[in-house]
Structure formats: C-alpha cells, structure tokens
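One-letter residues, chain by chain:
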There are 4 protein chains.
Amino acid sequence: MGITLQQAQLAVQAAHEKAQQMGVKMNIAVVDSGANLVAFIRMDDAWLGSLDISIKKAKTARFFDMPTGAIGGLSQPGGSLYNIEHSNGGLITFPGGIPLKNREGQIFGAIGVSGSTVEDDHAVAEAGVQALSGQ
Amino acid sequence: MGITLQQAQLAVQAAHEKAQQMGVKMNIAVVDSGANLVAFIRMDDAWLGSLDISIKKAKTARFFDMPTGAIGGLSQPGGSLYNIEHSNGGLITFPGGIPLKNREGQIFGAIGVSGSTVEDDHAVAEAGVQALSGQ
Amino acid sequence: MGITLQQAQLAVQAAHEKAQQMGVKMNIAVVDSGANLVAFIRMDDAWLGSLDISIKKAKTARFFDMPTGAIGGLSQPGGSLYNIEHSNGGLITFPGGIPLKNREGQIFGAIGVSGSTVEDDHAVAEAGVQALSGQ
Amino acid sequence: MGITLQQAQLAVQAAHEKAQQMGVKMNIAVVDSGANLVAFIRMDDAWLGSLDISIKKAKTARFFDMPTGAIGGLSQPGGSLYNIEHSNGGLITFPGGIPLKNREGQIFGAIGVSGSTVEDDHAVAEAGVQALSGQ
C-alpha cells in the first residue's frame with residue numbers, strides 16, 4: 001500500500017511539533033513510494049533555500065531506501081559513489097531524509113527535513129518516522 | 001506581511017474540505033509573496049500530473065497577481081501574451097490559480113488547485129481564498 | 001500492486017510484434033504507477049526524436065490516467081487545458097500513450113509509443129494494453 | 001555499424017540473468033553509438049534512483065569510450081578532470097558503465113548498470129559486454 005495523505009500529514013505534523021519544541025524553523029516534505037510529493041510545509045521564517053533541499057532529501061531517501069546521510073558517506077571524494085548527487089535532477093546526501101515504513105515494515109515513502117544543522121534536521125525527520133511506526 | 005504557515009494551512013484545509021464535499025481528488029498548493037511554496041497536499045488517488053500543475057498555478061497567480069485563467073485569455077494564438085507559458089520555468093494559465101489577500105486587501109500569496117475540470121479546480125481554489133478573507 | 005518487470009516486458013514485446021507486423025519502427029516505453037520507467041526498446045532505424053516522445057507519452061498517460069490523445073483534445077488553443085504541455089517537464093498530448101491496468105482493473109502503469117503516425121502509434125500501444133488484459 | 005536492438009537486448013538479458021544469479025536488483029541500460037537509449041529494464045524493487053544513474057553510466061561510458069570508473073579516477077578533487085560530472089546534463093563516473101564493441105572491436109554502444117555496490121554494478125555490466133563479444 002502506498003502512503004496516504006492522512007499518514008503523510010501525521011508525519012508532517014509530528015515533525016512540525018518536534019521542530020517547535022526544539023525551537024528550529026524547518027521545511028518538511030513527504031513523498032510516496034514513487035518519490036512524488038504528498039505533503040509539504042514551510043515554517044515561518046524558515047530558510048527559503050531549504051525548501052528545495054527538504055524535497056530533494058525526501059526523494060533521495062526513497063530513491064535508495066536509506067537515510068540520506070548514509071549516501072553522503074559514500075559520495076565523498078575518493079568514495080565509491082563520488083558525485084552521485086549529479087543524478088536524478090540533483091540529490092541531497094547529507095542527513096535529514098529518512099524512508100517511511102508501513103506497519104508491515106515496507107518502505108512506502110520518505111520524509112525530508114531542512115532548515116537547521118543536519119543533526120537537527122535528522123532529529124525532526126525521525127519524529128515524523130516515529131509518528132508512523134505502527135500505522 | 002507575508003502569509004504565515006498557519007494561514008496557508010487554513011487555506012489548504014478549506015480547499016481540501018471543499019474538494020471532499022465535491023467528491024473530487026485534488027492537488028492543492030499555497031505559495032507566499034515570493035512565489036515560493038508554503039504548504040502542499042495531494043489527496044489520495046489524485047492525478048499525479050496535477051502535482052506540478054497545482055504548484056505552477058499558484059506561482060503563476062502570484063507572478064502576475066491575477067487568476068490564472070485571466071492570463072490564459074491573453075496567451076492564446078494571436079493574443080498579446082502568446083505563449084507566455086514558456087517563461088519562469090513553465091506557467092499554467094488555465095483556471096485554478098488565484099491570488100490570496102491579507103485583511104488589508106494586499107496580495108500576500110496565491111493558491112493553486114489541480115485534479116478535475118478547470119471549473120472544479122477554480123471552485124476549490126476559491127474556497128481557499130474565502131477561508132482567508134478577514135484573516 | 002505495481003506493474004512487474006515481467007508484465008512490462010510482456011507489453012513491450014506485444015507492442016514490438018505489432019509494430020513488426022505493421023512494418024513500422026517504434027520506440028516503446030512502459031512506466032509504473034509512479035510514472036517511472038520500467039522497460040524501453042527502440043527498434044532499429046526508429047526516429048531518434050521519438051525516444052523522448054515515447055517516454056513522455058507513457059508518463060503523460062499515467063499522470064492523468066487517460067490516453068494521451070484525450071488530453072490533446074483539451075489542450076488546443078481556446079481549450080480548457082491550453083498549453084498544459086508546459087507542466088511536468090514536458091507532456092506529449094497526441095495519441096500513443098495509454099494507461100495499463102491490472103486484472104482488478106486498476107491502473108498500475110502506462111505504455112507510450114512513438115515512431116510513425118499517431119494512429120499507428122496508438123495501435124501499437126493498444127497491442128501492449130491488450131497483452132496485459134487478464135494478467 | 002551501430003548496435004542493433006537485438007544485440008542490445010542480448011546484452012540486457014545477459015546482465016539481467018547475471019543479476020538474478022547474484023541476487024541483486026538492477027537497472028540496466030544500453031545506449032547506441034550516439035549515446036541514445038536503445039533498451040532498458042528496471043528489475044522489481046530495484047532502487048528507483050538507480051534508473052537515472054544506469055542511463056547516465058551508459059551515456060558516460062560512450063561519451064568517453066571508457067569504463068565509467070576510469071573517468072572517476074580523474075574527476076576527484078585535484079584531478080585533471082575535476083567535476084567533469086557537471087557536463088552533458090550530468091555524468092556518473094563511478095563503476096557500472098562499460099563500452100560495448102562489435103565483432104570488429106569497434107565501440108558501437110555502451111551498457112550502464114546500477115542497483116547495488118559499484119563492484120556488483122560493474123560485474124553485471126561486464127556480463128552484458130561478454131554476451132556481445134563475437135557478435
């Protein structure tokens with residue numbers, strides 16, 4: 001089953017609340033299993049440049065079914081996937097994108113967050129992931 | 001003042017409810033005064049191709065501060081703005097995009113809707129506009 | 001269920017055989033429910049420019065869950081969807097793209113064919129559709 | 001002579017079988033001497049992001065008539081071809097793309113494979129190359 005809008009909004013809402021608790025301003029995007037956008041919000045005064053980054057993080061996480069940071073570890077100079085970012089119209093390979101799974105454990109989408117440090121971005125994305133565990 | 005996320009979500013929510021009442025499946029996008037995305041949802045089973053169209057309608061409405069259909073009237077063969085759709089990375093100039101105004105009557109964003117007939121798209125976008133009147 | 005590679009190849013093969021029977025040289029593309037390519041062939045000496053067109057036809061048919069020609073009827077000057085082709089990185093709205101359905105009748109992909117007249121293109125695509133009916 | 005569809009499909013089929021033996025899920029693309037796609041398959045559940053990468057690997061291998069990994073060795077920081085990936089709409093320069101030769105030993109196309117480690121990608125591409133040796 002693909003992710004529903006209701007599930008996508010649940011993930012976005014949980015990530016939004018986490019961002020508010022942390023006092024950070026985020027762009028939050030959720031894509032479906034086809035890597036197409038389902039839901040998006042940009043918090044007031046969040047970095048404008050993070051809009052595209054959050055969507056690219058979500059797409060990247062679904063494109064390879066792994067957290068974006070895992071790809072970034074391999075795409076460094078000398079790494080096995082150096083400059084993979086040039087594919088697919090532009091990837092973002094630092095942390096902040098995580099696959100989303102349904103209750104059967106199958107990946108059915110991904111969330112991407114951008115607007116603060118990559119640690120903060122990942123933590124906010126993780127809140128979205130947690131909101132769907134068991135859904 | 002630019003549109004806030006809360007206001008954008010209010011417009012999206014009103015448009016979403018209108019679409020549900022009408023029994024249509026829509027992509028709904030809201031952009032700010034800079035024509036950058038603030039909030040977006042794609043309803044379950046809505047046309048995938050309408051994702052991009054809804055965002056382009058919202059951008060187009062803000063780019064020229066008028067409903068998208070008004071531009072489409074001028075972009076026809078022989079019209080004064082023939083093929084204006086080639087600009088700005090692609091415009092959509094049929095109905096479904098409408099500027100959003102704050103309580104002072106200033107345009108501070110726009111909404112774009114796609115997923116059904118252009119009449120339905122416009123009606124759903126109008127519901128989003130109405131939700132913000134007086135905000 | 002999304003279309004499998006085996007099903008996509010079955011559709012491509014049937015379309016290929018139809019094209020050979022008709023004596024036309026085609027590009028044949030199949031996309032999945034997310035409008036992403038699953039299988040593609042270009043027959044010897046087929047028009048090179050039809051490569052991109054066949055893929056865009058398949059994508060367009062899935063983007064709106066209807067034969068591409070149906071969209072083309074609405075995108076003409078004065079039509080309700082005039083210049084919709086500027087969306088989604090470029091649509092192709094003349095005949096030759098048709099949605100593919102699984103045995104439950106749900107759309108799970110699309111086929112796009114280009115290389116001859118639009119009538120021929122549609123006929124070859126239809127052969128691919130028929131090959132999957134009952135699958 | 002350029003590569004024929006029959007030859008391209010032979011290479012794709014051999015690579016597909018090799019991938020099945022190895023238990024990996026691959027995207028497999030073959031381009032002709034003009035670096036234009038001739039045949040493509042995406043195996044079930046293969047990474048979606050590898051679709052574009054497999055095609056870019058095939059193009060890159062033909063663009064420079066060498067295995068993609070050889071270019072990657074020169075495109076590193078400080079290397080003679082630093083960031084060559086920015087050309088041609090995006091190159092992929094890690095292993096998985098290999099030129100294809102006809103029986104006279106002339107390059108008449110290339111194969112690109114993506115979906116696993118770069119070592120696996122290269123091994124599967126090599127199976128495609130071998131299938132055409134002597135053709």
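Cut-offs applied
Residues numbered from 1 in each chain as written. Chains lettered and ligands numbered in written order. Predicted model: local features only at pLDDT ≥ 70, side-chain atom pairs only at ≥ 80, totals over all residues. Heavy atoms only, no water. Helix = DSSP H or I, 4+ residues; strand = E, 2+ residues; numbered from the N terminus. Rg over C-alpha atoms; globule rule 2.2 N^0.38 Å. Areas by Shrake-Rupley, 256 points an atom, 1.4 Å probe, with all protein chains shown as cover. Lys, Arg positive; Asp, Glu negative; His and termini not counted. Charge placed at Lys NZ, Arg CZ, Asp CG, Glu CD. Expected span 1.5 Å × (residues − 1). Contact = heavy atoms within 4.5 Å. Buried < 20%, exposed > 50% of the residue type's maximum accessible area, 1.4 Å probe, protein only. Pairing = 2+ DSSP bridges. Salt bridge = Lys/Arg side-chain N within 4 Å of Asp/Glu carboxyl O. Polar contact = N/O pair within 3.5 Å; in protein donor to acceptor, adjacent residues only side chain to side chain. Axes fitted to C-alpha atoms, helices over the stretch in contact; angles between N-to-C directions. Buried area = accessible area lost by both parts, 1.4 Å probe. Parallel < 35°, antiparallel > 145°, perpendicular 65-115°, else oblique. Left-handed = near helix turned anticlockwise from the far one by under 90°. Nonpolar A, V, L, I, M, F, W, Y, C, P; charged D, E, K, R; others polar. Least-squares fit on C-alpha atoms with pLDDT ≥ 70 in both.

As recorded by an unreviewed UniProt entry, chain A carries the name Glycolate utilization protein and is attributed to Hymenobacter glacieicola.

Asks: How should I be thinking about the overall build of chain A in this particular structure?
Replies: Secondary structure summary: chain A contains four helices and four strands in total. The globule rule puts the C-alpha radius of gyration for 135 residues at 14 Å, and the 14 Å found for chain A is close to it. By principal-axis analysis of the C-alpha atoms, chain A measures approximately 40 × 35 × 20 Å. Surface accessibility of chain A: about 5200 Å² in total, with carbon and sulfur atoms responsible for 52%. Averaging the positions of the 9 positive and the 12 negative side-chain charges in chain A gives two centres separated by 3 Å.

Asks: What is the right way to look at helix H4 (residues 118–132) of chain B in this model?
Replies: At 3.6 residues per turn, the α-helix brings residues three or four places apart onto the same side. Helix length check: H4(B) (15 residues) gives 22 Å between terminal C-alpha atoms against 21 Å at 1.5 Å per residue, within 8%. The secondary structure elements touched by the buried residues of H4(B) are helix H1 (5–22), helix H2 (50–64), strand E3 (97–101) and strand E4 (107–114) of chain B.

Asks: I'm lost on the pairing of strand E4 (residues 107–114) of chain C in this one. Help?
Replies: As a general feature of sheets, a regular strand has side chains that alternate between the two faces. Residues and elements named next belong to chain C. Burial within E4 is extensive, with seven of its eight residues counted as buried. Relative to E4, strand E1 (residues 27–32) is paired through six bridges, and the arrangement is antiparallel. The residue bridging Val 31 from the neighbouring strand is Ala 110, located in E4. The pairing of strand E3 (residues 97–101) with E4 spans five bridges and is antiparallel. Its bridge partner lying in E4, Gly 97 is registered against Gly 112. The hairpin formed by E3 and E4 contains five residues between the paired strands, and Gly 105 there has a positive phi angle of roughly 85°.

Asks: What am I meant to see in the pattern of salt bridges here?
Replies: Pairing is possible between side chains that carry opposite charge, provided their charged atoms lie close to one another. One pass over the full model with this rule turns up 16 salt bridges over all chains. With a shortest N-O distance of 2.7 Å, Asp65(A) and Arg62(A) are connected by a salt bridge. Residue Asp65(A) is classed as partly exposed on the basis of its relative accessible area of 27%. The salt bridge involving Asp52(D) is made with Lys56(D); its shortest N-O contact spans 2.9 Å. Here Lys56(D) and Asp52(D) lie together in helix H2 (residues 50–64), a separation of four residues that amounts to about one turn.

Asks: Any chance you could explain the side chain of Ser116(A) here in plain terms?
Replies: Structurally, Ser116(A) is set in the loop between strand E4 (107–114) and helix H4 (118–132). For Ser116(A), the side chain forms a polar contact with the side chain of Asp120(A), separated by 2.7 Å.

Asks: Please clarify how the sheet that holds E3(C) should be interpreted in this entry.
Replies: Strand pairing in a sheet relies on backbone hydrogen bonds, with the paired strands running either antiparallel or parallel. Taking strand neighbours across the sheet as the criterion, the eight strands line up as E3(C)-E4(C)-E1(C)-E2(C)-E2(D)-E1(D)-E4(D)-E3(D) in an open arrangement whose pairing is antiparallel. A strand with exactly one partner marks an edge of an open sheet, and here the two such strands are E3 of chain C together with strand E3 (97–101) of chain D. Neighbour to neighbour, the strand axes of the sheet diverge by 20° on average, direction disregarded. In terms of strand pairing, strand E1 (residues 27–32) of chain D meets strand E2 (residues 37–42) of chain D through five bridges, oriented antiparallel. Counted as the bridge partner of Ala29(D) is Phe40(D) from E2(D). Those strands touched by helix H2 (residues 50–64) of chain C are E1, strand E2 (37–42), E3 and E4 of chain C together with E2 of chain D, and its axis lies near 150° from that of E4(C). Strands in contact with helix H4 (residues 118–132) of chain D are E3 and strand E4 (107–114) of chain D; relative to E3(D), the strand with the most contacts, it is inclined by about 5°.

Asks: Quick question: what am I supposed to make of the interface of chain A and chain D here?
Replies: By a frequent convention, interface size equals the accessible area lost on bringing the separate parts together. Opposite the 17 residues of chain A that make contact, chain D presents 20 residues. Counting each side, the surface lost to burial between chain A and chain D is near 1400 Å², with a carbon and sulfur contribution of 63%. Three residues, Phe64(A), Tyr82(A) and His86(A), lead the burial of chain A against chain D; their summed loss comes to 39% of the area buried on that side. The interface formed by chain A and chain D includes zero salt bridges. Our count for the contact surface shared by chain A and chain D stands at ten residue pairs in polar contact (both at pLDDT 80 or more).

Asks: I'm lost on the packing of helix H1 (residues 5–22) of chain D against H4(D) in this one. Help?
Replies: Packed helices, taken two at a time, are described by their axes: the angle between them and the distance between them. Residues and elements named next belong to chain D. Contact pair H1 / H4: the axes reach a minimum separation of 7 Å and the direction vectors enclose 140°. Here H4 runs oblique to H1, going by the angle between their axes. Where H1 crosses over H4, the handedness of that crossing is right-handed. Judged by residue contacts, Gln 7, Leu 10, Ala 11, Ala 14, Ala 15, Lys 18, Ala 19 and Met 22 of H1 engage Asp 120, Ala 123, Val 124, Ala 127, Gly 128, Ala 131 and Leu 132 from H4. Split by residue class, the contact of H1 with H4 holds eleven nonpolar, two polar and two charged.

Asks: Would you mind going over unusual backbone geometry with me for this structure?
Replies: Phi is mostly negative for residues that are not glycine, and the peptide bonds are mostly trans. Phi at Asp65(C) takes a positive value of approximately 50°, unusual for a residue other than glycine. Residue position: Asp65(C) is located in the loop between H2 and helix H3 (68–72).

Asks: Would you explain the relation of the copies chain A and chain D in this entry?
Replies: Each of the two chain copies can be generated from the other by rotation about an axis followed by a shift along it. Between the two copies, chain A and chain D, the superposition gives an RMSD of 0.1 Å; the rotation angle is 92° and the shift along the axis is 0.0 Å. Such a combination of turn and shift is consistent with a four-fold rotation axis. Across chain A, the smallest distance between a C-alpha and the rotation axis is recorded for Pro77(A), namely 4.4 Å.

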